[in-house]
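# Coordinates in review
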Amino acid sequence: MSSGLGTDLLARLSRATRRGAGSAGEIVAVVAPAPVVPAARLVAACASATPIVLFQAPPRDDEEPLGIVGFGEIARVEGSGPERLVQVTSAARKLFASLREERDADAGSAPGPRFVGGLSFRTEAHHEPPWTSFADASFSLPRWIYVARAGEAWLWLLVREEDLASERSSIEAELASIEAAFVAAAQPAQDAPSHGAGEGAKIEGTSREAFCSLVREALDAIRAGEIDKVVPVAASRVCPTRSLDARAVLARIADAYAETTRFAVQRGERVFLGASPERLISRRGRVLSTDGLAGTVRRGEGDASLVRALLASPKERREHALVVESIASVLGPRCASLDVPETPTIRSLPNVHHLWTPIRGALHDDTHVLALVEALHPTPAVSGTPRDRATAWIAAHEPDARGWYTGAVGWFDAAGDGDFAVAIRAGLVSEDEAWLYAGAGIVEGSDPPAEYAETRAKQAPMLVALGIV
Ligand SMILES: C=C(O[C@@H]1C=C(C(=O)O)C=C[C@H]1O)C(=O)O
């Protein structure tokens, strides 16, 4: 590409290393302005640098969209068990302390290096297939970090001081392929004919009858007073008739669901990717925002009356209120002010409408975004109420491992700012299979076949991205 991004970044790296004290263990981070391109398409256009991570937030009324792409890894921090996020926070803090940021004047406002990754729904001693390569919590500090914000973008390159000489040629090769990817990503979207699962692809998994009987068991537990709400999840496995290209699937879901948070985390041969409408938490300094999102209707004919019925349904409103109350009770004590609208509005997506309560607050102190994730996750939107009993019900009754589905995916930086989305409307894609998931909130009055239909509607984004519907 003619922008000279590669030459520019390499020259900055050389200058930075000449300036530096060169202490072993130090990570040098250099940054240069980069072209603004759709983040998911940049991932799709760059096949060579792995693992990949992506976090692409939607434009919201008062905020600029933020696109983050990571290629490769300079470090990975992981945690397991109940302390998983404490472990991640402390390992990340050490890495941030060893990071030396070198910025020229034209990159003074570039958002700094950041970790991107996520966490599973619940902690496990060993994750079951297909989730074996996904730890309880796992975050990448990428070697290459593309950050786009407010019509500007930058590319960071992170190198360990002691590896500079030995890695120079591989860095140059990766940079050449990333430069080529910037050119390709700037072209108008083309629907590659090879993106999908192929003619005759099979889907196997939880049958309608099996899901309905799971819902009936949930209703029994609700009637017995054990729980008020629970969110069972069903899994399906797509067996393609040709090799799947996870990056192409990602580009497709990202284009089709631009109003959602698009994300991807690659571990080994598998990429967990999706388009989530639900924000778990976003923190900038002491300002936080989150979504109460629960209560769903499938879009269809007479859309306006479907919306009115959703807003008027006591059952959907109760299901929604349980989520909002729980979020407010977790965040209330941590906040100097918390704005929780009294009535929900509607969040409309191409496949479904949801009841939505956007919540904003001001923290008392500089609580790290990961501490907020720990406090909020899992919300009753993906587990139920009371939370511990609902989660225990899920562990005892759900037939398939949900892994990171209904966990959270996001990023955090050295200041403890970050954004996390609830990891839904997502699937786990590798060359030879794709696992899709969907859940539905069950409360008293839920109708099993209607809940099953709701899970089908929620799988639409992944099915479209896989070329199945
Ligand atoms: C569990 C899922 O979605 C959640 C459940 C919802 C509901 O039951 O109405 C709505 C939004 C999400 O919080 C899913 O998409 O798999």
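These numbers come from a predicted model, not from an experiment.

Let's shift gears to the overall build of the protein. When you go through the protein residue by residue, the secondary structure sums to twelve helices and 24 strands. Its C-alpha atoms give the protein a radius of gyration of 22 Å, within 12% of the compact-globule value 23 Å for 469 residues. Burial statistics for the protein: of 469 residues in total, 58% are counted as buried. Here the protein displays about 17,800 Å² of accessible surface, and carbon together with sulfur accounts for 51% of that area. In the protein, the 49 positive side-chain charges and the 61 negative ones have mean positions that sit 1 Å from each other.

In the structure shown here, the tally under the stated rule is 14 aromatic pairs. Judged by centre distance (6.1 Å) and plane angle (50°), the rings of Phe211 and Tyr452 are tilted. Linking Phe211 in helix α5 (residues 208–223) with Tyr452 in helix α11 (residues 448–458), this pair joins segments that are 241 residues apart in sequence. By the burial criterion, Phe211 is buried, and Tyr452 matches it. With 6.4 Å between their ring centres and 90° between their planes, Phe272 and Trp404 make a pair best called edge-to-face. Linking Phe272 in strand β14 (residues 270–276) with Trp404 in the loop between α10 (387–397) and β21 (408–413), this pair joins segments that are 132 residues apart in sequence. The exposure classification of Phe272 matches that of Trp404, with both residues buried. An aromatic cluster is present here, built from Trp131, Phe134, Phe263, Phe272, Trp404, Tyr405 and Tyr437 joined pairwise through their rings.

The next thing to look at is the packing of helix α8 (residues 314–331) against helix α9 (residues 369–376). Contact geometry of α8 with α9 gives a least axis separation of 10 Å together with a crossing angle of 135°. With respect to their mutual orientation, α8 and α9 come out oblique. Once α8 is placed against α9, the crossing between them reads as right-handed. Contacts from Ile327, Val330 and Leu331 in α8 reach Leu372, Ala375 and Leu376 in α9. Class assignment for the residues of the contact of α8 with α9 results in six nonpolar, no polar and no charged.

What follows concerns the sheet that holds strand β12 (residues 233–239). Across the sheet, which stays open at both edges, the twelve strands sit in the order β5-β1-β9-β8-β3-β2-β13-β14-β23-β24-β12-β10 with mixed pairing between neighbours. Of all strands in the sheet, those with a lone pairing partner are β5 (99–102) and β10 (202–205), marking the two edges. Ignoring which end each strand starts from, the neighbouring axes of this sheet average 20° apart. The strands that helix α1 (residues 5–19) touches are β1 (27–33), β5, β8 (144–149) and β9 (152–160); relative to β1, the one it contacts most, it runs at about 145°.

Another aspect to go through is the site of the ligand. For the ligand, the set of nearby residues contains 18 residues, the closest of which are Glu278, Thr296, Tyr405, Arg425 and Gly439. The contact in question runs from an oxygen atom of the ligand to an N or O atom on the side chain of Arg425, over 2.6 Å. Contact distances for the ligand include 2.7 Å between an oxygen atom and a backbone N or O atom of Gly439. For the ligand, the accessible surface in isolation is 390 Å², of which the surrounding protein chains cover 100%. Judged by the fraction of its atoms near the pocket grid, the ligand is located in the largest cavity. Contributions of two or more residues to the shell around the ligand are made by β16 (287–298), β24 (434–439) and α11. Here the shell around the ligand takes four residues from β16, the largest share from any one element. Residue composition of the shell around the ligand, by class: eight nonpolar, five polar and five charged.

All right, on to the environment of Ala135 then. Tracing the chain through its elements places Ala135 in the loop between β6 (114–119) and β7 (137–141). Take Ala135: its relative accessible area is 18%, and that puts it in the buried class. Along the backbone, Ala135 and Glu162 are 27 residues apart, and their C-alpha atoms lie at a distance of 28 Å.

We now examine the pairing of strand β13 (residues 261–267). Where burial is concerned, most of β13 is hidden: seven out of the seven residues are buried. Because side chains alternate across β13, one face comprises the buried residues Thr261, Phe263, Val265 and Arg267, and the other comprises Arg262, Ala264 and Gln266, equally buried. Two elements, strand β2 (residues 52–56) and β13, share four bridges in a ladder whose sense is antiparallel. Within β13, the residue paired with Gln56 across the bridge is Arg262. Here β13 pairs with β14 via seven bridges, running antiparallel. Among the inter-strand pairings, Arg267 is bridged to a residue of β14, identified as Arg270. The turn linking β13 back onto β14 is made up of two residues, and Gly268 within it adopts a positive phi angle of 60°.

Using the criterion set out here, one finds three cavities of 30 Å³ or more in the structure. Of the pockets and cavities examined, the largest cavity occupies roughly 190 Å³. Taken together, 22 residues make up the lining of the largest cavity; nearest its centre are Val231, Ala381, Arg425, Gly439 and Lys458. Taken together, the elements giving at least two residues each to the lining of the largest cavity come down to β16, β24 and α11.

UniProt records the feature "domain: Chorismate-utilising enzyme C-terminal" (unreviewed entry) for residues 208–458 in the present numbering. Spanning residues 208–458, this segment combines 34% helix with 34% strand, and its end C-alpha atoms are found 15 Å apart.

Formed by 90 residues in total, the largest nonpolar core has its most connected members in Phe115, Phe139, Leu158, Phe272, Phe412 and Phe420. Broken down by element, the residue count for this core peaks at eight residues, all from α5.

Parameters at a glance
Residues numbered from 1 in each chain as written. Predicted model: local features only at pLDDT ≥ 70, side-chain atom pairs only at ≥ 80, totals over all residues. Heavy atoms only, no water. Helix = DSSP H or I, 4+ residues; strand = E, 2+ residues; numbered from the N terminus. Rg over C-alpha atoms; globule rule 2.2 N^0.38 Å. Buried < 20%, exposed > 50% of the residue type's maximum accessible area, 1.4 Å probe, protein only. Areas by Shrake-Rupley, 256 points an atom, 1.4 Å probe, with all protein chains shown as cover. Lys, Arg positive; Asp, Glu negative; His and termini not counted. Charge placed at Lys NZ, Arg CZ, Asp CG, Glu CD. Phe/Tyr/Trp six-rings, centres within 6.5 Å; stacked < 30°, edge-to-face > 60°. Axes fitted to C-alpha atoms, helices over the stretch in contact; angles between N-to-C directions. Parallel < 35°, antiparallel > 145°, perpendicular 65-115°, else oblique. Left-handed = near helix turned anticlockwise from the far one by under 90°. Contact = heavy atoms within 4.5 Å. Nonpolar A, V, L, I, M, F, W, Y, C, P; charged D, E, K, R; others polar. Pairing = 2+ DSSP bridges. Near = heavy atom within 4 Å. Polar contact = N/O pair within 3.5 Å; in protein donor to acceptor, adjacent residues only side chain to side chain. 1 Å grid on protein atoms, 1.4 Å probe; cavity = no way out; pocket = protein on both sides within 12 Å on 5 of 7 lines; lining within 4 Å. Sits in = over half its atoms within 2 Å of the grid points. Points joined across faces, edges and corners; volume = space filled by probe spheres on them. UniProt positions renumbered as here; feature names shortened; annotations may be inferred. Core = buried A, V, L, I, M, F, W, Y, C linked by side-chain atoms within 4.5 Å.

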